[in-house]
Amino acid sequence: MILTLVETDLEGAATEVSLEAVSFGRDLSAAGNGVPVDAVVIGDVSDDLRAELAAYGVRTIHRVGGEGVAAYSGAGWASAIQQVREAAGSVVVMAAGTDRGNELMAHVAARTGASMAANVLSFSGLAPFVVTRQVVGGAAMEEMKLHERPAVFTIAGHAVEAKPADVSGAGEVVEHSPTIAPEDLVARVVSTSQPEVDESGALTSARVVVGAGRGVGGADKFEDVLELTSLLDAALGVSRVVTSAGWRPHHEQVGQTGSRITPELYIPCGISGAIQHWAGCSSAKNILAINSDAEAPMVTRATYAVIGDLHEIVPAINAEIRKRGYGG
Amino acid sequence: MAAANVLVCVKRVPDSTEEVVLSEDAQSVDGRASGFTMSAHEECAVELAVQLAAGGGEAAVMTLGDADAVEQLRNALAVGCTAATHVVAPESYRFGPVDVSREIAAVVRAHEEEGRTHDLLLLGNDAADSGDFQVGIRLAYELGRPVVNGANTLTLEDGDDGPVVVAVGEGPDGQETYRVPLPAVVTIREGGVEPRYPSVPGRLKAKKVAIEERQPLSEPTGPGRVRLVLPPPTPSAVQILGEGPEAAPAVVDVLEKLGVLTK
Ligand SMILES: Cc1cc2nc3c(=O)[nH]c(=O)nc-3n(C[C@H](O)[C@H](O)[C@H](O)COP(=O)(O)OP(=O)(O)OC[C@H]3O[C@@H](n4cnc5c(N)ncnc54)[C@H](O)[C@@H]3O)c2cc1C
Ligand SMILES: Nc1ncnc2c1ncn2[C@@H]1O[C@H](COP(=O)(O)O)[C@@H](O)[C@H]1O
């Protein structure tokens, strides 16, 4: 059986990257004589989530609850996943390549003595099981053998498409309340800051997205870019450098570990176009890159580009938009 | 709060902002043209180690790597680490995450036998080259210590039963705080601290530190690597609209053409 960890958002819906992972699991199942595809969810399983996972071909949804998993702990949650795996007898355990997904699969692998492959893009053989995964920040790929069972790995975000199954699964919910050993709860989350208002919905459905990367230069230097965003009635999307530095909130991040956008036009300003960022913006119909480096991957892959300092170019564009009477 | 004895684990990696070239056998990245560095996560881990050791603790650094990896140890010494251990491993790319975590654990245990403790072990969240996302977690299991993954700031506090590390990181639903008694393992993600630059006296001091050299405990079992491959180059069809602010009219022409402007 193939067991996929399904992460949920604050509303309890499956994240897109988790549905991508389930889709990958189905492809794997198809190659492997139809071994069943199961999901493990830590927390609530609403009727909507159940229906969605069934539509994605999931046979059994293992719902994990109880005191031991009420607060997040890498070891505690991995212990729970591991207990589900043993009870259900899975030969594959996988998750989306999110921060949590990578962390939990590393714990599961360490606990079972198996290897772990992070950020898998595809598989090429079952015996031996060979996967291709991203390395060197996406600049290269590695073909890697996963000898042990369970095979433990994560799927790089937006590397595969999330698509419902041709034939729905039963989507039967099985409850688990595993006992977690005290030592697995020593490193657990004791408090979480007020969650930020998540407006990534606006980002993923926006017709125009203005992007901002390290080239913007600081948290206090977003004024021009935000003005362009508002003149175009667009959404702001940023690179991971921007969210890591705390310049902008995480829900604005575009890429493999952020949102996947599909606008008519994407205007990345000061974003180099690393493969992990590209994973989130490659579906934009048009890309108009603003970058000081004419050789940046974002420029060479764009539809249009302007070369130079974004802090000179963006204000000039804003002025020109106004001059022509647009933007209210 | 008292200082802690910290050991930070760093890895010599090819500078991947430059073009990536593979070795002839496609088993590793040939960094000779691009040069070598340590990842941003690990630079932040070094900075945190130096801060947490200030006032009586020790900030030690270690690496498992080829002879040249001594460069990364010297760089960490130049910004405030005061001791360094080099597990000398020719062809270190043959060491997978299971091997590396076992070798780091061996160093910690050997130091303990010599009476040197490392209360806090810091690593990067993921290595810039192999990107395995697991050495810190495996190390924690090797040593039977708790592990926090992906923190960006750390502080020390006095707990009821001894010192506690308070680790804060970005979780899926907001900032998460952990309070974990020492000894512990924490993996670091960049963004929480600004790594300092080495000063000239710092560099001179670093040159004088004797680096402890060790042999790997055992032969590597390997990373399971079949081979590395480079992605095919992407053809470019970009239309350059111009350079600098003079390009603004051409940009707005495109915006008009795409119909994304509203009056
Ligand atoms: C597992 C993993 C997951 C990741 N997930 C994501 C993800 O989801 N999203 C993401 O974005 N990244 C992600 N990354 C990080 C990614 O690899 C890059 O590091 C990141 O996208 C780079 O951000 P950037 O383009 O803003 O910065 P840089 O790469 O530093 O690029 C800055 C760009 O700005 C340009 N510039 C500088 N100054 C100016 C100026 N004044 N005017 C105009 N241009 C200027 C430069 O020429 C350069 O092209 C991930 C990495 C890993 C390893
Ligand atoms: N050869 C090594 N020597 C010392 N530390 C290492 C080595 N390889 C990995 N690490 C540490 O483990 C972290 C995670 O690596 P990885 O699990 O391989 O992505 C890195 O950021 C380093 O801090």
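I will try to describe carefully the structure that is included in this document. The shown structure was predicted, so the numbers you read here are calculated from the model rather than taken from an experiment.

**Topic: the overall build of chain A**
- When its secondary structure is counted, chain A shows ten helices and 15 strands.
- Computed over C-alpha atoms, the radius of gyration of chain A comes to 21 Å, within 12% of the 20 Å expected from 2.2 N^0.38 for 328 residues, which places it in the range of a compact globule.
- Counting only residues that meet the buried cut, chain A has 57% of its 328 residues in that class.
- The long-range fraction of contacts in chain A, counting pairs at least 24 apart against all pairs at least 6 apart in sequence, stands at 63%.
- Within the structure as shown, chain A displays about 12400 Å² of accessible surface, and the carbon and sulfur contribution to it stands at 48%.
- Of the charged side chains in chain A, 23 are positive and 39 negative, and the gap between their average positions amounts to 4 Å.

**Some words on the pattern of salt bridges**
- What the rule picks out here adds up to 30 salt bridges over all chains.
- Across the salt bridge formed by R111 of chain A and D184 of chain A, the nearest N and O atoms sit 2.7 Å from each other. With R111 of chain A in helix α4 (residues 99-112) and D184 of chain A in the loop between β9 (172-176) and β10 (189-192), the pair connects residues that are 73 residues apart, well separated along the chain.
- Take R111 of chain A: its relative accessible area is 27%, and that puts it in the partly exposed class.
- Using a relative accessible area of 10% as the deciding quantity, one classes D184 of chain A as buried.
- One continuous salt-bridge network, built from bridges that share partners, spans E320, K323 and R324 of chain A together with D253 and E256 of chain B.

**So, the interface of chain B and chain A**
- Of the residues lining the interface, 66 residues belong to chain B; the matching set on chain A comes to 69 residues.
- Both sides of the chain B and chain A interface together cover about 6000 Å² of buried area, and 58% of this is carbon and sulfur.
- For the pair chain B and chain A, the number of links is seven salt bridges.
- Close ionic contact of D99 of chain A with R189 of chain B constitutes a salt bridge, the shortest N to O distance being 3.4 Å.
- For the pair chain B and chain A, the number of links is 33 residue pairs in polar contact (both at pLDDT 80 or more).

**A short note on the sheet that holds strand β8 (residues 162-171) of chain B**
- With mixed pairing, ten strands are arranged side by side in an open sheet as β10(A)-β9(B)-β8(B)-β7(B)-β10(B)-β6(B)-β1(B)-β4(B)-β5(B)-β11(B). On the outer flanks of this sheet lie β10 of chain A together with β11 (212-214) of chain B, each paired with one strand and no other. Each strand axis lies, on average, 25° off the axis of its neighbour in the sheet, ignoring direction.
- By the bridge criterion, three bridges tie strand β7 (residues 147-159) of chain B to strand β10 (residues 184-188) of chain B in an arrangement that is parallel. Its bridge partner being in β10 of chain B, A151 of chain B is matched across the sheet by I188 of chain B.
- Helix α1 (residues 40-53) of chain B rests against β1 (6-9), β4 (59-65), β6 (120-124), β7 and β10 of chain B of the sheet, and its axis sits at about 160° to β6 of chain B.

**Looking at the site of ligand 2**
Residue and element names in this part refer to chain B.
- In the vicinity of ligand 2 there are 18 residues, among which C9, E42, G124, A127 and Q134 approach most closely.
- F133 has a polar backbone atom sitting 2.9 Å from an oxygen atom of ligand 2.
- Broken down by element, the shell around ligand 2 gets its largest block of residues, three residues, from β4.
- Split into classes, the residues belonging to the shell around ligand 2 amount to nine nonpolar, five polar and four charged.

**Focus on unusual backbone geometry**
- In this chain, R149 of chain A is followed by P150 of chain A through a cis amide linkage whose omega measures 0°.
- Mapped onto the fold, P150 of chain A is located in the loop between β7 (140-145) and β8 (151-155).
- Look at the link from L182 of chain B to P183 of chain B: it is a cis peptide, with omega at 5°.
- The topology assignment puts P183 of chain B in the loop between β9 (174-181) and β10.
- Even without being glycine, N119 of chain A reaches a positive phi, approximately 60°.
- Mapped onto the elements, N119 of chain A comes out in strand β5 (residues 116-126).
- Assessed through its relative accessible area of 6%, N119 of chain A is described here as buried.
- Its identity as a non-glycine residue notwithstanding, V136 of chain A has a phi of 50°, on the positive side.
- Tracing the chain through its elements places V136 of chain A in the loop between β6 (129-135) and β7.

Rules and cut-offs
- Residues numbered from 1 in each chain as written.
- Chains lettered and ligands numbered in written order.
- Predicted model: local features only at pLDDT ≥ 70, side-chain atom pairs only at ≥ 80, totals over all residues.
- Heavy atoms only, no water.
- Helix = DSSP H or I, 4+ residues; strand = E, 2+ residues; numbered from the N terminus.
- Rg over C-alpha atoms; globule rule 2.2 N^0.38 Å.
- Buried < 20%, exposed > 50% of the residue type's maximum accessible area, 1.4 Å probe, protein only.
- Contact = heavy atoms within 4.5 Å.
- Areas by Shrake-Rupley, 256 points an atom, 1.4 Å probe, with all protein chains shown as cover.
- Lys, Arg positive; Asp, Glu negative; His and termini not counted.
- Charge placed at Lys NZ, Arg CZ, Asp CG, Glu CD.
- Salt bridge = Lys/Arg side-chain N within 4 Å of Asp/Glu carboxyl O.
- Buried area = accessible area lost by both parts, 1.4 Å probe.
- Polar contact = N/O pair within 3.5 Å; in protein donor to acceptor, adjacent residues only side chain to side chain.
- Pairing = 2+ DSSP bridges.
- Axes fitted to C-alpha atoms, helices over the stretch in contact; angles between N-to-C directions.
- Near = heavy atom within 4 Å.
- Nonpolar A, V, L, I, M, F, W, Y, C, P; charged D, E, K, R; others polar.

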